[in-house]
Amino acid sequence: MQQIQNNADGKFLYISLSALPVILGGMVVGWQYGATLYNVLFSVLLVFFGIGSGLFLWRRHDNELAQTNFRWAQDENSKIAAVSTYTGELERLLLTISPILSQHVMVSREHTEQEITSLSSRFSCMVNELQLIVDSTDNAFGGRQSNHLDSVIDACRDLLQPILDLLGQLRQAEQKAVDDAVLSQAEANINQTLALLSQVLGHYRDDACALRNHAEQIRGEINNVLVALQFQDRVSQILTQVENNLLNLQKTIERIQQQGSNRDGDMLEVDKAVEHIEENYKSVSSRAKHSPDDSDDDLTFF
Amino acid sequence: MAKTIMIVDDSASMRQVVSIALKGAGYEVIEACDGKDALSKLTGVKIHLIVSDINMPVMDGITFVKAVKQLDHYKFTPIIMLTTEMEDDKKRAAKEAGAKAWVTKPFQPPILLAAIAKLVLP
């Protein structure tokens, strides 16, 4: 901090000495241009006052900054002291624990080595015994035991090989299976197509029903026309009968007229003529058939 | 194969009306203007049924039916009388001659076709 203060005083003197010639030069120029000495001195005093206050503010800011740095440095020193304290404690703890740990490691290692040694000796004994047994049995059965085992092993291999091959094929088939998303999309497309097909078939069915109804209506109209034609035919027959009867009557009258003075009233056989007309005309009962409503006796089976 | 029906009627328009009704139902038709004309056309051709009027010139329907029943080839051919007559005497005479049914004019095509469907030879 003393160093920082010394540096601030030096800078003040440096700036003041540097500015003095400039100030004096300014006074001279101002005086030459007619400015009164009072005004010049007043201006110089204002300049010195401004410079002084700026320097004062700058020094105060500098002092505050220095105090802040001093407090920060104190805090850091305290923290470093605390860390060093913890480190020291850890070192003492490690120094206390390390001999104990090394002792435990040595004990477990020795124990493990002992176990390994015992197991290996035990297995080696078992292997030797098994080998002795195998050798003895092979010698007893002339090597058939080993051959039997080999055959059993081969049989098991043959039995399992197809299963392994099938598993491999299944795995390949599974890998080649269609993606679920594709299946669902295909199903959706099929359902949509089926819906459209059913809709089209429904329209065809409706059109077929409409055509059938129209066909029935046309058939009914044709039947009505056929019945009407029968009536027309009947009327034409009647008219033909009437025409023929009138012609016959005309001929009869002409014949009578040709008799001249020999004719008499009996020559016109009215009853016979009427009877003849009635015979040619259809029966009275058929008149009822001109009415289309009477359909009780239309069909009779014998 | 379509079945063949003979129509015997002196009215050309009536033969045409009956022909339209029968052809519409799938039958083949042979026309005759009276009994004598019909007998001349029964020369061995297969006839599955005959529809005949009664009041016809030259040979009436009752006489025609009796003549058909004398033909060995056609004595089992069913005959339907199609007429305006309704008298019981005429019906009795037609029945005794060998007719199988009686349809009065004017006829409804469905009624005639129903009678034909019931009697036509297989």
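For clarity, every value in this text was computed on a predicted model and none was experimentally measured.

What counts and what doesn't
- Residues numbered from 1 in each chain as written.
- Chains lettered and ligands numbered in written order.
- Predicted model: local features only at pLDDT ≥ 70, side-chain atom pairs only at ≥ 80, totals over all residues.
- Heavy atoms only, no water.
- Buried < 20%, exposed > 50% of the residue type's maximum accessible area, 1.4 Å probe, protein only.
- Helix = DSSP H or I, 4+ residues; strand = E, 2+ residues; numbered from the N terminus.
- Pairing = 2+ DSSP bridges.
- Contact = heavy atoms within 4.5 Å.
- Buried area = accessible area lost by both parts, 1.4 Å probe.
- Salt bridge = Lys/Arg side-chain N within 4 Å of Asp/Glu carboxyl O.
- UniProt positions renumbered as here; feature names shortened; annotations may be inferred.
- Axes fitted to C-alpha atoms, helices over the stretch in contact; angles between N-to-C directions.

Residue and element names in this part refer to chain B. Counting buried residues along strand E4 (residues 79-83), five of its five residues qualify, which places the element largely inside the surrounding structure. Taking every second residue as pointing to the same face, both faces of E4 are buried, with Ile79, Met81 and Thr83 on one and Ile80 and Leu82 on the other. With three bridges joining them, strand E3 (residues 49-52) and E4 adopt parallel strand pairing. Bridged to Ser52 within E4 is Met81.

Counting residues at the interface gives 30 residues for chain B, matched by 20 residues for chain A. Roughly 2400 Å² is buried in total at the junction of chain B and chain A, and carbon and sulfur atoms are behind 63% of that figure. Broken down residue by residue, the surface that chain B buries against chain A is led by B:Thr84, B:Met86 and B:Pro106, which jointly contribute 23%. On the surface where chain B and chain A come into contact, there are zero salt bridges. Counting residues per element, the ones that place at least two in the side of chain B that touches chain A are helix H1 (12-24), helix H4 (88-97), strand E5 (101-104) and helix H5 (109-119) of chain B.

Okay, the UniProt feature "modified residue: 4-aspartylphosphate" (unreviewed entry) in chain B next. All names here are of chain B. Cross-referencing UniProt, the feature "modified residue: 4-aspartylphosphate" (unreviewed entry) maps to Asp53 in the present numbering. Mapped onto the fold, Asp53 is located in the loop between E3 and helix H3 (61-68). A residue is classified by how much of its surface remains accessible, and Asp53, at 4% relative accessible area, is buried. Setting aside its immediate chain neighbours within four residues, Asp53 contacts Val8, Asp9, Asp10, Gly61, Met81, Leu82, Thr83 and Lys105.

As summarised here, the arrangement of the six strands in space is E1(A)-E5(B)-E4(B)-E3(B)-E1(B)-E2(B), forming an open sheet in which the pairing is mixed. Two strands bound the open sheet, and with one partner strand each, they are strand E1 (299-301) of chain A together with strand E2 (28-32) of chain B. Going across the sheet, the axis of each strand differs from the next one's by a mean of 20°, ignoring polarity. Note: strand E1 (residues 4-8) of chain B against E3(B), four bridges, orientation parallel. Bridging across to E3(B), B:Ile7 finds its partner in B:Val51.

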